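Next come the chains, spelled out residue by residue.
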Amino acid sequence: MRYITIALAKGRLAKQTMEILKKLGIICPEMEDKDSRKLIFTNEELGFRFFLAKANDVPTYVEYGAADIGIVGKDTIVEEARSLYEVLDLNLGKCRMCVAGPESARALLDSSLPLRVATKYPKIAKDYFYNVRHQSVEIIKLNGSIELAPIVGLAEVIVDIVETGSTLRENGLKVLEEFMPLSARMVVNRVSLKMEQERIRKLIADMREVIEQKDA
Ligand code: PRP
């Protein structure tokens, strides 16, 4: 039997996904060893192989077929814009994409004055400001701790994900606009979905059942 390879965005999402799979009897005890630096795990009996990757790389592995399936946030899927099938909402890691900044930036946002936008998501930010708000802005790409940008004067506002809102609050910033609801999704390689249709469809249906029970 050919392995079905699943790429997981490492971190909390990978753990929560493995919990769903555990309920289906798809387990990988090796993966639970916290001291291990191993990146790839197999369940020989059921023919599954899992690996942990940086979230941004998950869509790449799946597009090229190095993984049949990927589990990753909608934010990353939209930003990476790879050619994939999105087949399931895991209802995990729910958050939203927002424009945020100090209250004083609200007026600036609605003016035609120059605006700098710091973000880890340049494509999403550009699309929102150019195509939805029809506003020409300067996008500044950062790789983390985005909330720093308006505080130290690198940008007036940020585009970032907000979950509990505590990072913004603790840094004196506010959500100014909310524009994209987000959660973790399952994506599938186009060829794999045809070649392994039966096994993948069954996995999707079984996972959907666990997710619905959990959310009921
Ligand atoms: C994300 C995001 C915010 C924060 C939002 O950062 O970029 O900073 O979480 O969560 P909250 O609304 O619950 O406070 P992450 O922790 O991924 O780290 P990063 O700053 O390195 O990107």
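What counts and how
- Residues numbered from 1 in each chain as written.
- Predicted model: local features only at pLDDT ≥ 70, side-chain atom pairs only at ≥ 80, totals over all residues.
- Heavy atoms only, no water.
- Near = heavy atom within 4 Å.
- Polar contact = N/O pair within 3.5 Å; in protein donor to acceptor, adjacent residues only side chain to side chain.
- Areas by Shrake-Rupley, 256 points an atom, 1.4 Å probe, with all protein chains shown as cover.
- Helix = DSSP H or I, 4+ residues; strand = E, 2+ residues; numbered from the N terminus.
- Nonpolar A, V, L, I, M, F, W, Y, C, P; charged D, E, K, R; others polar.
- Core = buried A, V, L, I, M, F, W, Y, C linked by side-chain atoms within 4.5 Å.
- Buried < 20%, exposed > 50% of the residue type's maximum accessible area, 1.4 Å probe, protein only.
- Axes fitted to C-alpha atoms, helices over the stretch in contact; angles between N-to-C directions.
- Parallel < 35°, antiparallel > 145°, perpendicular 65-115°, else oblique.
- Contact = heavy atoms within 4.5 Å.
- Pairing = 2+ DSSP bridges.
- Domains from an automatic or database assignment.
- Salt bridge = Lys/Arg side-chain N within 4 Å of Asp/Glu carboxyl O.

In the vicinity of the ligand, the residues found are K120, G144, S145, E147, D160, I161, V162, E163, T164, G165, S166 and T167. T167 is positioned with one of its side-chain polar atoms (N or O) 2.4 Å from an oxygen atom of the ligand. Considering the ligand on its own, with 490 Å² of exposed area, one finds that the protein chains cover 66% of that surface. Elements with a minimum of two residues in the shell around the ligand: β9 (157-162) and α7 (166-170). With three residues, β9 is the largest single contributor of residues to the shell around the ligand. Its residues assigned to classes, the shell around the ligand shows two nonpolar, six polar and four charged.

Here we come to the nonpolar core. I6, F50, L90, M186 and L203 are the most contacted members of the largest nonpolar core, which has 40 residues in total. Within the residue set of this core, elements represented by two or more residues are β1 (4-9), α1 (12-23), β3 (48-53), α2 (58-64), β4 (69-73), β11 (184-188) and α9 (197-215). It is α9 that contributes the most residues to this core, six residues altogether. With 19 residues, the next largest nonpolar core counts V99, A125, I139 and L182 among its residues.

A few words on the packing of α1 against α9. A pair of packed helices is characterised by two quantities: the angle between their axes and the separation of those axes. Following both chains from N to C, one finds α1 and α9 inclined at 105°, their axes separated by 10 Å at the closest point. Taken as axis vectors, α1 and α9 run roughly perpendicular relative to one another. Counted together, T17, I20, L21 and K23 of α1 and L203, M207, V210, I211 and K214 of α9 form the full contact between these two elements.

Overall, mixed pairing links the five strands, which are arranged β8-β7-β9-β6-β10 in an open sheet. Each having just a single partner strand, β8 (138-141) and β10 (174-182) make up the two edges of the open sheet. Each strand of the sheet is rotated relative to its neighbour by a mean of 25°, with strand direction disregarded. Here five bridges tie strand β6 (residues 95-101) to β9, and the two strands are oriented antiparallel to one another. Each bridged residue has a counterpart across the sheet, and for V99 the counterpart in β9 is V159.

Examined at the domain level, the chain breaks down into domain 1 (4-93 + 183-215) and domain 2 (95-181). For domain 1 and domain 2, the distance between their C-alpha centres works out to 30 Å. Between the two partners, domain 1 and domain 2, sit one salt bridge. Here domain 1 and domain 2 share five residue pairs in polar contact (both at pLDDT 80 or more) between them. Broken down by element, the side of domain 1 that touches domain 2 gets its largest block of residues, three residues, from helix α3 (residues 74-80). Looking at the side of domain 1 that touches domain 2, its residues break down into two nonpolar, one polar and four charged.

For G70, the position within the fold is in strand β4. On the accessibility criterion, G70 (0% relative accessible area) is buried. Placed eleven residues apart in sequence, G70 and P59 show a C-alpha to C-alpha distance of 6.8 Å. Contacts of G70, omitting those with residues within four sequence positions, involve A7, V58, V62, R185, M186 and V187.

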